[in-house]
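Examining the three-dimensional arrangement
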Amino acid sequence: MESKKILILFIAFIAIQPLIDVLTTASIFMVNTSLTVGVLLRTAYMVLALVFLLWMAKFSKNSRIFTIYLIGLALLIVINILSNLQIKDPYYLFQELKFFNKAIYFHIVLFGFLVVYRQLKDKNYNIASQTTKYLWISGMFIGVIFIIAQVTGTSLSNYSHTKVGFTGWFYAGNEVGAIMAIVLPIMALYAIEKTDSWKKSWSWIPFVLLSIGMLALGTKVGYGGIIIVLLSVLVGSLIMLLFMKKRNSTIKINLLIATFLTVVLIAITPLTPVYGNMFAHINSLGINLNFGDAVERPGDEVLVEGDEGFEPEEEETGITNEQVQNLVFSSRETYAKFVNDDFHSSPLMQQLFGLGFAGNYEIPEPGKSPTMIEMDFHDWFYSFGWITFFYMMVPLVWFVGKFLIHFVLNFKTHFTYFYILYGVAFLLGIGIAYTAGHVLTAPAVSIYLAAILAMLMVNEDLLQSK
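Residues numbered from 1 in each chain as written. Predicted model: local features only at pLDDT ≥ 70, side-chain atom pairs only at ≥ 80, totals over all residues. Heavy atoms only, no water.

**What to know about the overall build of the protein**
The helix and strand inventory of the protein stands at 19 helices and two strands. Counting contacts in the protein only where the partners sit at least 6 residues apart, residues at least 24 apart contribute 73% of the total. Carbon and sulfur atoms provide 67% of the accessible area of the protein, an area that totals close to 22,200 Å². (Helix = DSSP H or I, 4+ residues; strand = E, 2+ residues; numbered from the N terminus. Contact = heavy atoms within 4.5 Å. Areas by Shrake-Rupley, 256 points an atom, 1.4 Å probe, with all protein chains shown as cover.)

Structural data, given as structure tokens:
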């Protein structure tokens, strides 16, 4: 019984993530150090997961496989460090190690969750409902904190210049935005499961609170996350009603609620920070939304789409491919091209095992430090190189692929709110990792993604018992 309680505590750690992030913000402002509460607690959690995997290797084949994999990953990182010590000048070892710690966090906690969930499942513990509960608690904390911060006027700003947005009491706007997007589908699932009559429609209030916080962020991730979740519920409900003949009152009620919230969101869109921020971004790129009217700026070449792609146009202008990419990736694509050139002009050893943190950086200006692309899969590839990148991708591709095949083969029984919304949560996490980053390279976010994937794998018995 005591061992079961310890395993449950390992999972329950998800629920207190927002409190850790608030304490991290406090430690940053009160003590000017990079060794924050979040770093200490999450590092301790990662070490605990490693110790647990090593201990379970005596009894579990899964743990032995995961441990061997992590030893292999550690060796590849050592090769990266040793080679870059000889090639990179300057080479900031602490910054490099800090990045590696963040980048491999996902793998370690994923394997830890897989083994813990497997143990709990074997003890007849309802891992699905409890994971939903802990993620809901986490989302509820974030939503309430955002509301309190806004009401009291103590919210931190998400931008420093022309754009408008707030991060509540959370220091990292990109990270909290990704967390909210990942947790929001689970908030919707919890509300749906509770709303079996109109009297219980209040169960959607926590979802609304978190959505308000996401709108306050003023980011595309926040707004897009709400739209995707609501449309997932709406479309999923329609498919269940019209094509799968699941005609119960719960589906009908939640369909109407999702439709109402979608209409409200569309109606208030012009009042949201992201609406103004998008126009500020568009104006900064010199894009004229009155198509056909040229935007005349000295030195600019106006491009439109022609038979052979984008080509010069003398009188009219369209939105160039580069401008579209900038709207989506917020200048990350420009830095990605720079790092790509750096990568392909580097020695073979770096191409195979990676450039390390932030590429072949130069001595930064005072008060600044080398920066990443902030597109996680790009950062993985360029930092770890061909060999280590594929090695790191193997677990993700294997587990996701295995679950997708299982889902497709059992589509009729698995097309439910549970699988729809957990799937949306995971896909949002992966999508944000690709476009905006701060997911697979941010322990505060990757722990959510790891928990979701691990729970789905074990809940469907896709991970063997021993």
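**Remarks on the environment of Trp380**
Note on placement: Trp380 falls in helix α16 (residues 376–409). With relative accessibility at 0%, the residue Trp380 sits in the buried group. C-alpha separation for the pair Trp380 and Phe357, spaced 23 residues apart in sequence, amounts to 9.6 Å. Each residue touching Trp380, except ones within four places of it in the same chain, is listed here: Ala103, His107, Gly385, Phe389, Met392, Met393, Leu440 and Thr441. (Buried < 20%, exposed > 50% of the residue type's maximum accessible area, 1.4 Å probe, protein only.)

**Some thoughts on the packing of aromatic side chains**
Per the stated rule, a full pass over the model turns up 35 aromatic pairs. Ring geometry for Phe66 against Phe399: centres 6.5 Å apart, planes inclined by 75°, an arrangement best described as edge-to-face. Here Phe66, found in helix α4 (residues 61–87), pairs with Phe399, found in helix α16; they are 333 residues apart in sequence, far enough to count as distant. Using a relative accessible area of 6% as the deciding quantity, one classes Phe66 as buried. For the pair Phe403 and Phe407, a centre-to-centre distance of 6.5 Å together with 25° between the ring planes defines the contact as stacked. (Phe/Tyr/Trp six-rings, centres within 6.5 Å; stacked < 30°, edge-to-face > 60°.)

**With respect to empty space enclosed by the protein**
Counted by the stated rule, this structure contains one cavity of 30 Å³ or more. When its volume is computed, the largest cavity comes out at roughly 60 Å³. Lining the largest cavity are Tyr335, Val339, Gly356, Ala358, Gly359, Thr371, Met372, Ile373, Asp379, Tyr382 and Ser383. Going through the elements one at a time, α14 (332–344) and α16 are the ones with two or more residues in the lining of the largest cavity. Element by element, the count of residues in the lining of the largest cavity is highest for α16, at three residues. (1 Å grid on protein atoms, 1.4 Å probe; cavity = no way out; pocket = protein on both sides within 12 Å on 5 of 7 lines; lining within 4 Å. Points joined across faces, edges and corners; volume = space filled by probe spheres on them.)

**Some words on the environment of Ile251**
Secondary-structure assignment places Ile251 in helix α11 (residues 249–268). Here Ile251 is in contact with Ser237, Met240, Leu241, Lys246 and Tyr417, once residues within four sequence places are set aside.

**A few points about the side chain of Ser446**
With respect to the secondary-structure elements, Ser446 resides in helix α19 (residues 443–459). Exposure remark for Ser446: the relative accessible area of 0% places this residue in the buried category. With residues up to four places along the chain from it excluded, the contact list for Ser446 reads Tyr105, Phe106, Val439 and Leu440.

**Details of unusual backbone geometry**
Here the amide bond leading from Asp89 into Pro90 is cis, since omega sits at 10°, within 30 degrees of zero. By the element assignment, Pro90 lies in the loop between α4 and α5 (93–103). You will see that Asn124, though not glycine, has its phi angle at about 60°, which is positive. The phi angle at Glu374 is positive, at roughly 70°, despite the residue not being glycine.

**Structural notes on helix α9 (residues 205–217)**
For α9, which comprises 13 residues, the first-to-last C-alpha distance of 19 Å matches the rise-based estimate of 18 Å (1.5 Å per residue) to within 8%. Residues of α9 that are buried: Pro206, Phe207, Leu210, Ser211, Gly213, Met214, Leu215, Ala216 and Leu217. Where α9 ends, the next residue or the one after it, Gly218, has phi of about 80°, a positive value. (Expected span 1.5 Å × (residues − 1).)

**What to know about the pattern of salt bridges**
Evaluated as defined, the whole model comprises seven salt bridges. Between Asp21 and Arg42 there is a salt bridge, and its shortest N-O distance comes to 2.8 Å. Separated by 21 residues along the polypeptide, Asp21 in helix α2 (residues 17–30) and Arg42 in helix α3 (residues 37–56) bring together distant segments of the chain. Arg42 sits in the buried class, given a relative accessible area of 7%. Across the pair Glu96 and Lys88 runs a salt bridge, and its minimum N-O distance is 2.7 Å. On the basis of relative accessibility, which here comes to 4%, the residue Lys88 falls in the buried class. (Salt bridge = Lys/Arg side-chain N within 4 Å of Asp/Glu carboxyl O.)

**Quick look at a nonpolar patch on the surface**
On the surface, Phe29, Met30, Val31 and Tyr171 cluster together into a nonpolar patch covering about 500 Å² of accessible area. Turning to its location among the elements, Met30 is positioned in helix α2. Classification of Met30 as exposed rests on a relative accessible area of 71%. (Patch = residues over 30% accessible without salt bridge, like charges linked within 9 Å, V, L, I, M, F, W, Y side chains within 5 Å.)

It is worth stressing that arrangement in space is one thing and function is another; only the former is reported here.
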